[in-house]
Amino acid sequence: MPEKVTIQEASRRLNISQDLVRRYIRDGVLKAERGGGSQGRSWMVELPQDGWVDDAKLSYMTLDKQLPTWWWPEPEKMGFVHYLESTGIEELVPVFLCGLVSENIWGAEGHLPQQRCQECVLEAQARGLSL
Ligand SMILES: [Zn+2]
């Protein structure tokens, strides 16, 4: 059974703003229902499983076009970071410039230039994309 919490608590636990929690509820990204008992008529939000936040944030960030360019294709953050071409907003499947497809992406803040996938770099340069 998923844990149900108030919007305030969901905001804290998911590390997103209460406004965003409400937006997710409205858009059906988060499940919620009017709570009973001591919570009165306030919304009770079903806490999603671990890893959900990244997916949801990713889709909204993509819509807002604020997505950074370089990402790790795996949580271990080993090997190379890749240049994100698209995330397939519907399916949330990230596709990188070199053709690599991964299940999810992990932030690559602070990565070194030599950690960049060379195929992605060459493709980006060929397309005139900023690195
Ligand atoms: Zn690549």
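Preceding block: the structure.
If you're wondering where the values come from, they're calculated on a predicted model, not measured in any experiment.

Participant: I'd like a rundown of the overall build of the protein, residues and numbers included.
Facilitator: Within the protein, the secondary structure is distributed over four helices and seven strands. Taken from N to C terminus, the helices and strands of the protein fall in the order β-α-α-β-β-α-β-β-β-β-α. Only carbon and sulfur atoms are counted for the fraction: they give 48% of the accessible area of the protein, which is about 8400 Å².

Participant: Would you mind going over the coordination of the zinc ion in detail, with residue names and values included?
Facilitator: The protein atoms that coordinate the zinc ion are His-82 (ND1), Cys-98 (SG), Cys-117 (SG) and Cys-120 (SG), at distances of 1.9 to 2.4 Å. Between the four donor atoms coordinating the zinc ion, the angles at the centre fall across 104 to 121 degrees, so the site counts as tetrahedral. Of note, the zinc ion draws all its donor residues from one chain, in the sequence arrangement H-x15-C-x18-C-x2-C. Residue class for Cys-117 comes out buried when judged on its relative accessible area of 8%.

Participant: Give a description of the sheet that holds strand S2 (residues 32-34) that names residues and reports values.
Facilitator: If you walk across this open sheet you meet the three strands as S1-S3-S2, and the pairing is antiparallel. The open sheet has two free edges, formed respectively by strand S1 (4-6) and S2, since each of these has just one partner strand. Shown here is a sheet whose adjacent strand axes are inclined to one another by a mean of 35 degrees, direction ignored. As paired elements, S2 and strand S3 (residues 43-46) share three bridges and run antiparallel to each other. Note on S3: the bridge partner recorded for Glu-33 is Met-44.

Participant: Describe the pattern of salt bridges, naming the residues involved and giving the relevant values.
Facilitator: Pairs may arise between side chains of opposite charge once their charged atoms sit close together. Throughout the structure, instances matching the rule amount to seven salt bridges. Residues Glu-9 and Arg-13 are paired through a salt bridge, measuring 3.0 Å at the closest nitrogen-oxygen approach. You can see Glu-9 and its partner Arg-13 sitting in helix H1 (residues 7-14), four residues apart, about one turn around the helix. The class of Arg-13 is partly exposed, set by a relative accessible area of 38%. Taking the shortest distance from any N to any O, the salt bridge between Asp-19 and Arg-22 comes out at 3.6 Å. Note that Asp-19 and Arg-22 are positioned in helix H2 (residues 18-27) at a spacing of three residues, about one turn of the helix.

Participant: Which residues make up the nonpolar core, and what are the values?
Facilitator: Nonpolar side chains in soluble globular proteins tend to be buried together. In this structure, Trp-70, Tyr-83, Phe-96 and Cys-120 are the most contacted members of the largest nonpolar core, which totals 14 residues. Sorting the residues of this core by element identifies strand S4 (70-72), strand S5 (82-86) and helix H4 (118-127) as the ones contributing at least two each. If you look at the next biggest cluster of nonpolar residues, it comprises 12 residues, including Ala-10, Ile-25, Val-45 and Leu-47.

Participant: Could you give an account of H2, with specific residues and numbers?
Facilitator: Because the α-helix completes a turn every 3.6 residues, residues three or four places apart line up on one side. All of the buried residues along H2 are Leu-20, Val-21, Tyr-24 and Ile-25. Along the axis of H2, the buried positions cluster into a sector of 145 degrees, meaning they face one direction only. Counted as exposed and oriented over 90 degrees from the buried face of H2: Asp-19 and Arg-26.

Participant: Give a detailed account of unusual backbone geometry, specifying residues and quantitative values.
Facilitator: Although it is not a glycine, Lys-77 adopts a positive phi angle of roughly 55 degrees. Along the chain, the position of Lys-77 falls in the loop between S4 and S5. Lys-77 sits in the partly exposed class, given a relative accessible area of 41%.

Cut-off values and rules
- Residues numbered from 1 in each chain as written.
- Predicted model: local features only at pLDDT ≥ 70, side-chain atom pairs only at ≥ 80, totals over all residues.
- Heavy atoms only, no water.
- Helix = DSSP H or I, 4+ residues; strand = E, 2+ residues; numbered from the N terminus.
- Areas by Shrake-Rupley, 256 points an atom, 1.4 Å probe, with all protein chains shown as cover.
- Donors = N, O, S within 2.8 Å, 3.2 Å for Na, K, Ca; no water.
- Tetrahedral: all angles 85-135°; square planar, octahedral: opposite > 155°, others 65-115°.
- Buried < 20%, exposed > 50% of the residue type's maximum accessible area, 1.4 Å probe, protein only.
- Pairing = 2+ DSSP bridges.
- Axes fitted to C-alpha atoms, helices over the stretch in contact; angles between N-to-C directions.
- Salt bridge = Lys/Arg side-chain N within 4 Å of Asp/Glu carboxyl O.
- Core = buried A, V, L, I, M, F, W, Y, C linked by side-chain atoms within 4.5 Å.
- Arc of directions from axis to C-beta.

Geometric descriptors of this kind do not, in isolation, establish any biological role.
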